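# Topology and contacts: notes
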Amino acid sequence: MAIHPIEYRYGTDEMKYVWSEANRLEKLLKTEAALSNAEAKIGMVPAEAAAEIEKSIAHVKIERVAEIEDEIHHDMMAIVIAISEQCTDDAAKWVHFGATSNDILDTATALQMMDAVAILEEKTRTLLDVLLTKAEEHKNTVCAGRTHGQIGVPTTYGLRFAIWASEVARHLERLAQLTPRLLVGQMTGAVGTQAAFGKDGIEIQAYAMEYLGLGSVDVSNQIIQRDRHAEFVMWMANTVTTLDKIAVEIRTLQRSEIAEVEESFRKNQVGSSTMPHKRNPIKSEQISGLARIVRSMVEPELLNNTLWDERDLTNSSCERIVFPESCVLTDHLLKLAIGVIENLRFYPENIRKNLDLLRGLNMGEAIMIDLAKRGVGRQEAHEIVRSSAMEAHESGMHLKDVLLGRPDVTKYLTESEISDLLNPDRYIGTAVAQVENVVAKLRAQF
C-alpha cells in the first residue's frame, strides 16, 4: 500500500531509482568489492579471494539481506553475511576486512550522490537553456515593472528571464564547486585511525576510491563529516527557492486582474470542481508548495553534523528520509519548472493595458530626469512631478494633461516632448543590451 506521495505522485523514475533499495544495495556491494580489490592490490588480501568477492556480489539478493537483518538487527552485517554466503570459506573470511560499517555505508551514499548530482545538473542546465531562450524571445517585450506590488517604470519580460537565468547559472557554478567536496568516500575503520588496515590504510583508501571513481577524505573519524552533505542539501534548497520565486511571479502575473501570462491549460483540464471557468496556476503552486519541504530538510542535515564524539547513530535514520526526499523533490520541481516556462502563454494586449493603466503616472521618472537635464534641479523636478502625479491620481486625469497645465513644465517641454517621454517603449534603458549580454555570456559558459 502506497503511503508517501513520492511513491505515486511526485518524482521521476530515474531519481527514484537512485534512492531505491535495489540501487542502494548495488552501491553497497560495489563498495565492498572495491575494498577487497584495494586490499588485494597491496597484498593484504589474496587476489583470488578479492576476485571471488567481486564476482559473488552479483548473486546477493535483497530478500536474503532482509531475512538476515530481521534476525540480527544490523543492516551492514546483514550484507556482509549475505556476501559471505556466496563465497567459499577461503574468500568469505576476507569480506569487509578491516572496515567499519560507515566505510561502506557512507561511501555507497557518495556513489548515490554521484548519480543524483548528474541528474540534477542535467535538468538545471535544461532549465537554464529554457530561460535563455525565453529571454531572447522577449527581450523587446516591454511590460510594467512593479515594486511593493505597485506598478513602477517599465521593464521587459526578457530582462526578467535573464535575471532568473543568471541565478540558475550561479546554481550550476555552486554545484560544480561543491561536487568534489561531496563525492568522497572513506576506508578509515573504527573511529577513523585505520588501525585495522595497519600502515597501508591510506593506500587502501586511495585504491578503493580510485576503483569507485570517488575522491578520498583527507581525515575522518568513523563517518564522513556531514558538512559535505549539508552543503548539497542547502544547494537543493537554494535551487528550489529560485524555482519558487519564478513560480510566485508567474502566479502573480496570472491573477485575473493582471492576466499577462498563464500556465498552459489543456483542452479538457478542469480548474475547479464547482467553478467551471477557473484556470488555476496549479503547477506553479505545486512548485511553491514542495519547495517548502526541500527547504525544511536543511536544518536536519545541519544537525546531522553535530554527533557525539567520533560518531553516534542519530544521523542515520534522519538521512534515510532527507537524502531521497530532497533529491527526488528537487528533481521533480526542476522538471515541473522546465515545463511551465517552456509552455508559458503570453497575453500582449493585457501587457500593454497594464503599461497604460496608470494613465502616464508610471512614467513620472522619465519626466523628472528630463527636466533635471534641462536645468531644473533634481529635487525641484521630483517635487513638480510628484505633485502632478498626486493631482492626476486624485482627479483621474492623464499625467500628460496635468503637466501641460503647469508653466514650470511647459517652460521646458513641449506637448510632443511630453508625449515622447511618457511612451513606455522608449524608457527601458539598456534592458535589451543587458539581455543580449547575459544570453551570449551564459550560452558560451554553459
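Numbers given for residues are sequential positions, taken from 1 along each chain in its written order. Only residues with pLDDT of 70 or above have their local features reported here, since the model is predicted, and side-chain atom pairs are shown and tallied only from 80 upward, although totals for entire chains, interfaces and linings are computed over all residues. The side-chain values count all of the structure's non-hydrogen atoms but skip hydrogen atoms and water molecules.

- Naming follows an unreviewed UniProt entry, where the protein chain appears as Adenylosuccinate lyase of Methanococcoides seepicolus.
- Recorded in UniProt for the protein chain, the comment headed Sequence similarities (unreviewed entry) runs: "Belongs to the lyase 1 family. Adenylosuccinate lyase subfamily."
- UniProt positions are given in the numbering used here, feature names are shortened, and annotations may be inferred rather than shown by experiment. What UniProt states about the protein chain under its Subunit (unreviewed entry) heading is, verbatim, "Homotetramer. Residues from neighboring subunits contribute catalytic and substrate-binding residues to each active site."

## Details of the environment of Leu 35
- Strands are runs of DSSP state E lasting at least 2 residues, helices are runs of H or I lasting at least 4, and numbering of each runs from the N terminus. With respect to the secondary-structure elements, Leu 35 resides in helix H3 (residues 21-41).
- Taking the C-alpha atoms as reference, Leu 35 lies 8.2 Å from Tyr 207; in sequence the two are 172 residues apart.
- Note on contacts: a residue pair qualifies if any of its non-hydrogen atoms lie within 4.5 Å across the two residues. Setting aside anything within four residues of it in sequence, one finds Leu 35 in contact with His 96, Phe 97, Ala 99, Ile 104, Met 187, Phe 197, Ile 204 and Ala 208.

## A few points about unusual backbone geometry
- The phi dihedral of His 96 falls on the positive side, at around 70°, and the residue is not glycine.
- At Gln 194, a position not held by glycine, the phi torsion is positive, near 65°.
- Note that Gln 194 resides in the loop between strand E3 (184-185) and helix H10 (201-212).

## Remarks on the environment of Glu 380
- Secondary-structure assignment places Glu 380 in helix H17 (residues 378-395).
- Throughout this description, buried means an accessible area under 20% of the type-specific maximum (1.4 Å probe, protein chains only), exposed means over 50%, and partly exposed covers the range between. Relative accessible area serves as the criterion here: at 49%, Glu 380 is assigned to the partly exposed category.
- Counting along the chain gives 12 residues from Glu 380 to Met 368, while the straight-line C-alpha distance between them is 8.9 Å.

## Some thoughts on the packing of helix H8 (residues 101-137) against helix H9 (residues 157-182)
- In the contact formed by H8 and H9, the axes pass within 9 Å of each other and the chain directions differ by 160°. In terms of their interaxial angle, H8 and H9 are classed as roughly antiparallel. Handedness of the crossing formed by H8 with H9: left-handed. Counted together, Ala 110, Met 113, Val 117, Glu 121, Thr 124, Arg 125, Leu 127, Leu 128, Leu 131, Leu 132, Lys 134 and Ala 135 of H8 and Gly 158, Phe 161, Ala 162, Trp 164, Ala 165, Val 168, Ala 169, Leu 172, Leu 175, Thr 179 and Leu 182 of H9 form the full contact between these two elements. Think of each axis as a best-fit line through the C-alpha atoms, taken over the contacting stretch in the case of a helix, with angles from 0 to 180 degrees between the N-to-C directions. Just so you know how the angles are binned, under 35 degrees is roughly parallel, over 145 roughly antiparallel, 65 to 115 roughly perpendicular, and the rest oblique. Two helices that cross are described as forming a left-handed crossing if the nearer one is turned anticlockwise from the farther one by less than a right angle, and a right-handed crossing if clockwise.

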